[in-house]
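# Descriptive structure summary
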Amino acid sequence: GVVETRDLTLPLNVDGSKTLKIENPCGSVKVTCGHADGTVAARAKVRGSNQEDAKAKAEEYTLIVEESEHAIIIRQPKIAALAVDLVLQLSHGAEVEVRTDAGEVTIADTGKGARIHSSAGNVSLRGLNGPIEVTMQSGDLSLEDIITPMASLENKAGDIKLRKIDGNVNARAASGDIDVQSLTGKTLSVESVSGDVHVEFEVPVSGSVNVRTVNGDTVIAMPDGSDCRVSLSTLRGDVHCTLPLEDEARSDQRITGRLGEGSGSIDVSGINGDITLRPRVIAATAAEQA
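I will try to describe carefully the structure that is included in this document. (Residues numbered from 1 in each chain as written. Predicted model: local features only at pLDDT ≥ 70, side-chain atom pairs only at ≥ 80, totals over all residues. Heavy atoms only, no water.)

### With respect to the side chain of Asn24
- If you trace the backbone, Asn24 turns up in the loop between strand 2 (19-23) and strand 3 (29-33).
- One polar contact links the side chain of Asn24 to the main-chain carbonyl oxygen of Gly27, over a distance of 3.3 Å.
- Reaching out from Asn24, the side chain makes a polar contact with the backbone oxygen of Val84 at a distance of 2.8 Å.
- In this structure, Asn24 is in contact with Val29, Gln76, Val84, Leu86, Arg99, Thr100 and Asp101, ignoring residues within four places of it in sequence. (Helix = DSSP H or I, 4+ residues; strand = E, 2+ residues; numbered from the N terminus. Polar contact = N/O pair within 3.5 Å; in protein donor to acceptor, adjacent residues only side chain to side chain. Contact = heavy atoms within 4.5 Å.)

Okay, structure coming up:
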């Protein structure tokens, strides 16, 4: 077939009081905030059986924007063999919901929560403040500079990377690594079927931490001053703990004990893989090194 492209830009007035809902079956979605004027730009690619057919379909294309009492909805018309890349520039922050079958999703600096449902494609969220819910079938997931009461993340095939997260996290991965850096939150729950898990806490742990793995190694790094009960166990692997534990008990594949008074809990268990609990290492600045 032949592909024709059509570019379309429309004004978009989002004041933050309504949820921005985006339905884009095929194509990327990029949402950023802090612009003088709100716009939505669409680059539509339409495939036709010949040049005339493709051109007619491209000329027929229009972006559908609907507004209700609680939401602004952006969706695509029913045109066969249509792929659309969307770029949304917002003048105000807004809660964003995206549903896509194939395409990358990027949301940055919107200052509120987000809900993403993606079948195939990478998802990147940065500079958000609110509840986060992401469900993915295939692709890598990245979150950075997030403040949230709860981030609920599920990825069937792909890595999950979290950086500078202030809030509680519930992460599940069927196939892929889970890497968490600079986490501040009372509750962390991680389930991994196939992949390594690495978690580094920014502040002392006094809440609830649960990590379950089937195939993969787990490393937990904690700062001084943590206050929690500790239970580390693996069915087929080694267990290591380089933190000084009170009431420590060790066996071949299990370590239990306590840090501080034991007000919180860290429970890490695996089937195939090693488990390591160690102190958090703070990198020295250039001035300190000099």
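On we go.
### Concerning the environment of Val3
- As for its placement among the helices and strands, Val3 is situated in strand 1 (residues 2-11).
- Note on Val3: relative accessible area 40%, which makes it partly exposed.
- Separated by 231 residues in the primary sequence, Val3 and Thr234 place their C-alpha atoms 54 Å from one another.
- Contact partners of Val3, with chain neighbours within four places excluded, come to Lys45, Val46 and Arg47. (Buried < 20%, exposed > 50% of the residue type's maximum accessible area, 1.4 Å probe, protein only.)

### Points about helix 1 (residues 51-60)
- Turning to helix 1, its buried residues are Ala54, Lys57 and Ala58. Viewed along the axis of helix 1, the buried residues span an arc of 100°, placing them on a single side of the element. Exposed and facing more than 90 degrees away from the buried side of helix 1 are Glu52, Glu59 and Glu60.
- Turning to helix 1, the residues buried within the fold contact strand 1 and strand 4 (39-48).
- Two or three places before Glu52, at the opening of helix 1, Asn50 has a side-chain oxygen 3.2 Å from that residue's backbone nitrogen. (Arc of directions from axis to C-beta.)

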